[in-house]
Amino acid sequence: MTGVVSEGERLARAALTRLTEPGDEAVGRWLRQLGPVDLMRGLTGAGPPPAGARADRLAGCRARAAGLDPAGDLAAAARLGGRFLCPGDHEWPTQLDDLGDARPVGLWVRGSPDVRRWALRSVAVVGARACTGYGSHVAATLGAGLAERGWVVVSGAAYGVDGAAHRGALAAGGATVAVLASGIDVPYPRGHAELLGRVGEQGLVLAELPPGGHPTRSRFVLRNRVIAALTRGTVVVEAELRSGSLVTARRAIGLGRHTMGVPGPVTSGLSAGVHELLREGASLVTGAADVIELVGSIGDLAPERRGPVVPRDLLDADAARVLEAVPGRGGAGVAAVAREAGTGAERALAKLYELQALGFVERLGDLWQLADASSTSDTPKPPGRRPGARRGGA
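As the structure is a computational prediction, the values presented were derived from the model and not from experiment. (Residues numbered from 1 in each chain as written. Predicted model: local features only at pLDDT ≥ 70, side-chain atom pairs only at ≥ 80, totals over all residues. Heavy atoms only, no water.)

1. Structural notes on the packing of helix α10 (residues 217–230) against helix α11 (residues 244–254)
- Packing of α10 against α11 brings their axes to within 8 Å, and their N-to-C directions diverge by 45 degrees. Taken as axis vectors, α10 and α11 run oblique relative to one another. Taken as a pair, α10 and α11 cross one another with a handedness that is right-handed. Contact residues: α10 offers Val221, Asn224, Arg225, Ile227 and Ala228, while α11 offers Gly244, Val247, Thr248, Arg251 and Ala252.
- Residues of the contact of α10 with α11, tallied by class, amount to 5 nonpolar, 3 polar and 2 charged. (Axes fitted to C-alpha atoms, helices over the stretch in contact; angles between N-to-C directions. Helix = DSSP H or I, 4+ residues; strand = E, 2+ residues; numbered from the N terminus. Parallel < 35°, antiparallel > 145°, perpendicular 65-115°, else oblique. Left-handed = near helix turned anticlockwise from the far one by under 90°. Contact = heavy atoms within 4.5 Å. Nonpolar A, V, L, I, M, F, W, Y, C, P; charged D, E, K, R; others polar.)

Listed below in structure tokens is the structure:
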């Protein structure tokens with residue numbers, strides 16, 4: 001769903017994702033000063049250049065502008081079942097605004113769920129690519145445990161810990177998001193093409209680069225800031241002292257998010273980075289319950305980041321039908337809910353997670369039921385609270 005962003009601004013921002021690099025704070029500053037349309041014109045030579053832009057930089061942008069076709073990029077995304085989100089869209093995850101001038105120009109998205117609503121209950125699970133069997137097991141268990149408790153698992157789809165976390169969430173029939181350093185149509189690593197296909201069908205694939213964009217070393221590092229900002233907290237499972245996972249974790253600390261680490265054997269170099277992070281003040285966790293105890297209170301500590309809690313009469317038509325199909329007690333599986341709502345199982349699952357984030361329904365194992373009697377009223381309870389649940393903390 002899009003908001004009040006004009007078609008001209010959407011095209012300009014789509015063009016800027018091809019003209020500029022992710023996370024460029026100069027571009028973010030120029031966007032604030034000029035707006036996307038005038039900035040795009042200035043970088044391509046169709047208008048006055050932005051103040052302070054070097055000649056070599058302008059030349060590079062103009063070289064990239066050859067064959068620029070933002071409408072074609074939008075069409076390519078649409079053929080994948082995707083879309084392009086801009087700041088100001090209803091679906092834009094406002095957590096990303098915490099990045100300031102390093103905020104993404106826009107987000108290319110593949111998958112049907114609402115990005116903003118899923119981000120309300122999301123946790124990043126990251127770690128070593130060349131992980132041990134222990135790391136892979138822990139990441140998969142964490143992914144499954146978080147998904148079973150209604151949390152969205154976010155990672156970078158890399159080999160090792162990332163892939164294990166995605167697979168754990170998928171195996172539990174849960175929600176997962178892959179944030180790529182390439183375009184949404186460029187699976188990387190290639191060996192995870194099938195995994196990314198499953199994530200795109202059951203969850204979301206996000207990217208800052210336009211369709212066809214390929215990853216570079218710097219783009220991987222910059223991608224990590226999106227993972228850190230998008231989620232309520234970051235868990236690191238195995239990392240060396242020099243690791244992209246630690247970059248993500250330290251960025252999360254700087255953004256005021258919870259940062260957590262799973263300890264490992266002191267004899268393993270892959271534990272060294274995590275143990276250093278713990279010494280720096282990250283929270284030690286050993287399972288999904290520990291993670292949720294921490295991140296579950298983030299909305300209470302920073303309510304401005306919760307996003308809107310909309311009443312029932314503002315639900316979209318699909319969500320309203322799915323809510324009507326959920327029983328008050330006893331629960332029903334996804335297939336039964338989908339059949340009653342007259343929609344596909346994947347669409348029903350996506351809407352169930354949205355409804356859970358809004359406080360209308362709760363998950364009990366493989367079953368879903370209304371959260372409580374008030375969940376059919378116009379004022380749902382806050383996300384993540386079950387009837388009678390005790391608040392964490394002292």
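2. A few points about the environment of Ala172
- Residue position: Ala172 is located in the loop between α8 (161–171) and β5 (176–180).
- The exposure class of Ala172 is buried, given its relative accessible area of 12%.
- Distance from Ala172 to Gly365, taken between C-alpha atoms, is 9.4 Å for residues 193 residues apart in sequence.
- Excluding its chain neighbours within four sequence positions, the residues that come into contact with Ala172 are Ala144, Ala147, Glu148 and Arg363. (Buried < 20%, exposed > 50% of the residue type's maximum accessible area, 1.4 Å probe, protein only.)

3. As for α8
- The buried count for α8 comes to 9 of 11 residues, which makes it a mostly enclosed element.
- Val161, Asp162, Gly163, Ala164, Ala165, His166, Gly168, Ala169 and Leu170 are the residues of α8 that are buried.
- Downstream of α8 by one or two residues, Gly173 has phi in the positive range, about 70 degrees.

4. Structural notes on the packing of aromatic side chains
- The final tally for this structure, using the stated rule, is 4 aromatic pairs.
- Seen in terms of ring centroids, Trp118 and Tyr353 are 6.0 Å apart; in terms of plane orientation they differ by 65 degrees. Their pairing is edge-to-face. Here Trp118, found in helix α6 (residues 115–119), pairs with Tyr353, found in helix α17 (residues 345–357); they are 235 residues apart in sequence, far enough to count as distant. With respect to class, Trp118 is no different from Tyr353; both count as buried.
- Ring geometry for Tyr353 against Trp368: centres 5.4 Å apart, planes inclined by 80 degrees, an arrangement best described as edge-to-face. Of this pair, Tyr353 sits in helix α17 while Trp368 sits in strand β11 (residues 367–370); the two residues are 15 residues apart in sequence, bridging distant segments of the chain. Comparing Tyr353 with Trp368 shows no difference in burial state: the two are buried.
- Taken together through their ring pairs, the aromatic side chains of Trp118, Tyr353 and Trp368 make up a single cluster.
- Positioned over the ring face of Trp151 is Arg121, at 4.6 Å from the centre of the ring. (Phe/Tyr/Trp six-rings, centres within 6.5 Å; stacked < 30°, edge-to-face > 60°. Lys NZ or Arg CZ within 6 Å of the ring centre and 35° of its normal.)

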